[in-house]
Amino acid sequence: MPLPAPIINSSCPIAHPQTVIVMVGLPARGKTYVAKKLTRYLNWIGIPTRVFNVGEYRRSATDCYKNHNFFRPDNEQAQVIRRKAAMDALIDMCNWLEVDGEVAVFDATNTTKERRDDILDTCYGRGFKVFFVESMCDNPLVIEANIAEVKLSSPDYKDMNKDEAIRDFLQRITHYETAYEPMDEQNDSEKSYITIMNCGERFLVNKVDGHIQSRIVYYLMNIHIMPRTIYLTRHGESELNLKGRIGGDSDLSDRGRQYRDALAAYMANEHLPDLKVWTSQLKRTSQTAQGIEAPIEQWKALNELDAGTCDEMTYVEIQQKCPEEFALRDQDKYHYRYPKGESYQDLVARLEPVIMELERQKNVLVVCHQGVMRCLLAYFLDKGSEELPYLKCPLHTVLKLTPVAYGCRVESVSLNIDAVDTHRPKPSHVQPIKREKRERRK
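Scoring rules and cut-offs
Residues numbered from 1 in each chain as written. Predicted model: local features only at pLDDT ≥ 70, side-chain atom pairs only at ≥ 80, totals over all residues. Heavy atoms only, no water. Helix = DSSP H or I, 4+ residues; strand = E, 2+ residues; numbered from the N terminus. Rg over C-alpha atoms; globule rule 2.2 N^0.38 Å. Buried < 20%, exposed > 50% of the residue type's maximum accessible area, 1.4 Å probe, protein only. Lys, Arg positive; Asp, Glu negative; His and termini not counted. Charge placed at Lys NZ, Arg CZ, Asp CG, Glu CD. Phe/Tyr/Trp six-rings, centres within 6.5 Å; stacked < 30°, edge-to-face > 60°. Lys NZ or Arg CZ within 6 Å of the ring centre and 35° of its normal. Pairing = 2+ DSSP bridges. Expected span 1.5 Å × (residues − 1). Contact = heavy atoms within 4.5 Å. Axes fitted to C-alpha atoms, helices over the stretch in contact; angles between N-to-C directions. Polar contact = N/O pair within 3.5 Å; in protein donor to acceptor, adjacent residues only side chain to side chain. Salt bridge = Lys/Arg side-chain N within 4 Å of Asp/Glu carboxyl O. 1 Å grid on protein atoms, 1.4 Å probe; cavity = no way out; pocket = protein on both sides within 12 Å on 5 of 7 lines; lining within 4 Å. Points joined across faces, edges and corners; volume = space filled by probe spheres on them.

## Things to note about the overall build of the chain
In terms of helices and strands, the chain carries 15 helices and 12 strands. Scaling as 2.2 N^0.38, a compact globule of 442 residues should have a C-alpha radius of gyration of about 22 Å, and the chain matches this with 25 Å. Judged by the C-alpha coordinates and their principal axes, the chain covers about 75 × 60 × 40 Å. Relative to its 442 residues, the chain shows a buried fraction of 52%. A distance of 4 Å separates the average location of the 60 positive side-chain charges in the chain from that of its 63 negative side-chain charges.

Quick look at the structure:
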């Protein structure tokens, strides 16, 4: 029987109903990894998203977990606790979506058809779309690595030794396996879902509904879990940097050329035979990458934020000649767009293909610009639009990013070549500009 369409309150029509992403799968299959990574991506592109992890609700409700028997299907007392934790998380999620959010991720095993249908009924009753993300894995090496890297640090095992915890968690998985009902092409043909097999070896996609679900599928089909390192650096100091001027397309300064040589030596010492180098199409980045023994690819998308009519001006000149523009930018730096130029919000949209390709790659060095580097760094470090425009990305410094289980480890490496400081801190006080003035500017 076809599933009913989501019910939309006719007194308050919604053009784009909120979306609930429901994770599905046995423990240690990477569900939380996918949930957190997907949430970080959606927030970065401007879609308010939040994860609701049922395990956290269960742990806050009880401290009675002693071993895997808590998850036995015939443990009625524990079943009551687990069902209540799932319902509490579901209600909180729905309430949050109705007030603040656009996408919520319901992170739990959700291994039975009955549980998934209950979630559907609740979400459709609130007018939400639902998209299932099932993670399946039968590779024992991947499962063992996930248990060792993530599960052993769980509060459930804080007082257990490593070997005992591994045995206990494997027993927990066995309890779930007895009740697991995977998504089924025939019985679930009317549901919207993607099944990810063995961390991206194969995919099954069914009945994608709408723009957001399409973007989710595209993103999930591009990510991988192979070990790799991403290196971010700005170009070497430029002639315009020395003059305090923004933008432009100038050559490197003497110290910028010293950094070029130091960067080539640093990357050679990293011993990465599969390294790729990406630069913008501006001279100062391509000059900085000279001497690095690796394939170099230029991306127009990596060009610096377009300052429009303010290009090659100093901040003092902008404040003197365009005081209203200067104040408007201080008021909301992320959304402010230079006249005939770009905003940080525009830049994030421009960089989305770069992020997608970075997720597909192994070891990459990105030689870019301050605004671009801030946007890329915000994605990997899960920084919001308030922080993004003020992230510190000094010249002549390499940021070494190593993806880990639920985030990214950052190492800042200064190559000890002096350079000007181009960072402009967030003003402590900003005089609000009236909306009428903003309208006249348009």
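## Details of the packing of aromatic side chains
Under the criterion given, the structure shown has 10 aromatic pairs. An angle of 40 degrees between the planes, with centres 4.9 Å apart, marks the rings of Trp278 and Trp299 as tilted. In this pair, Trp278 is assigned in strand 8 (residues 276-279) and Trp299 in the loop between strand 9 (296-298) and helix 11 (315-321), connecting sequence segments 21 residues apart. For the pair formed by Trp278 and Trp299, the shared burial category is buried. Taking NZ or CZ as reference, Arg40 lies 4.7 Å from the ring centre of Tyr379, over its face.

## A look at the pairing of strand 6 (residues 202-206)
Pairing geometry for strand 5 (residues 193-197) and strand 6, over 5 bridges, is antiparallel. Residue pairing for strand 6: Ile194 is matched across the bridge by Val205. Here strand 5 hands over to strand 6 after 4 residues, with Asn198 in that stretch at a positive phi of 50 degrees.

## Some thoughts on the environment of Thr178
For Thr178, the location among the structural elements is in the loop between helix 6 (162-177) and strand 5. Taking the C-alpha atoms as reference, Thr178 lies 59 Å from Arg260; in sequence the two are 82 residues apart.

## Notes on helix 3 (residues 76-99)
Helix length check: helix 3 (24 residues) gives 35 Å between terminal C-alpha atoms against 34 Å at 1.5 Å per residue, within 8%. Residues of helix 3 that are buried: Ala78, Gln79, Arg82, Ala85, Ala86, Ala89, Leu90, Met93, Cys94, Trp96 and Leu97. Buried-residue contacts for helix 3 involve strand 1 (19-24), strand 2 (49-53), helix 2 (54-61), strand 3 (103-107), helix 4 (113-125) and helix 6.

## Some thoughts on the sheet that holds strand 9
Taken together, the 6 strands give an open sheet; going across it, the order is 9-8-10-7-11-12, and neighbouring strands pair in mixed fashion. The two strands at the open ends of the sheet, each matched to only one other strand, are strand 9 and strand 12 (407-414). Ignoring which end each strand starts from, the neighbouring axes of this sheet average 20 degrees apart. As defined by bridge partners, strand 8 adjoins strand 10 (residues 364-368) across 4 bridges and the pair is classed as parallel. Among the inter-strand pairings, Thr279 is bridged to a residue of strand 10, identified as Val367.

## Some points on the environment of Tyr219
Within the secondary structure layout, Tyr219 lies in helix 7 (residues 211-220). Separated by 177 residues in sequence, Tyr219 and Leu42 have C-alpha atoms that sit 9.7 Å apart. Residues contacting Tyr219, with those up to four places away along its chain left out, are Lys37, Leu38, Tyr41, Met356, Glu359 and Tyr379. Of note is the side chain of Tyr219, whose polar atom sits 2.6 Å from the side chain of Tyr379.

## So, the pattern of salt bridges
Across all of its chains, the model carries 26 salt bridges by this definition. Residue Asp156 is joined to Arg58 by a salt bridge in which the shortest nitrogen-to-oxygen separation is 2.9 Å. Of this pair, Asp156 sits in the loop between helix 5 (140-149) and helix 6 while Arg58 is found in helix 2, placing the two residues 98 residues apart along the sequence. The salt bridge involving Arg424 is made with Asp330; its shortest N-O contact spans 2.8 Å. Taken together, the residues Arg424 in the loop between strand 12 and helix 15 (435-441) and Asp330 in helix 12 (residues 323-331) connect sequence positions 94 residues apart. Residue Arg424 shares its accessibility class with Asp330, and that shared class is buried.

## Considering the layout of surface pockets
Roughly 460 Å³ of volume is contained in the second largest pocket. Around the second largest pocket sit 26 residues that line it, and Ile246, Gly247, Glu304, Tyr315 and Gln370 are the ones nearest its centre. Counting only elements with at least two residues in the lining of the second largest pocket, the list comes to helix 8 (239-242) and helix 14 (370-381). Looking at the lining of the second largest pocket element by element, the count peaks at 3 residues for helix 14.

## Things to note about the side chain of Glu359
Positionally, Glu359 belongs in helix 13 (residues 344-360). At a separation of 2.4 Å, a polar atom in the side chain of Glu359 contacts the side chain of Tyr379. The residues touching Glu359, leaving out its near neighbours within four places in the chain, are Lys37, Tyr219, Asn222, Ile223, His224, Arg228 and Tyr379.

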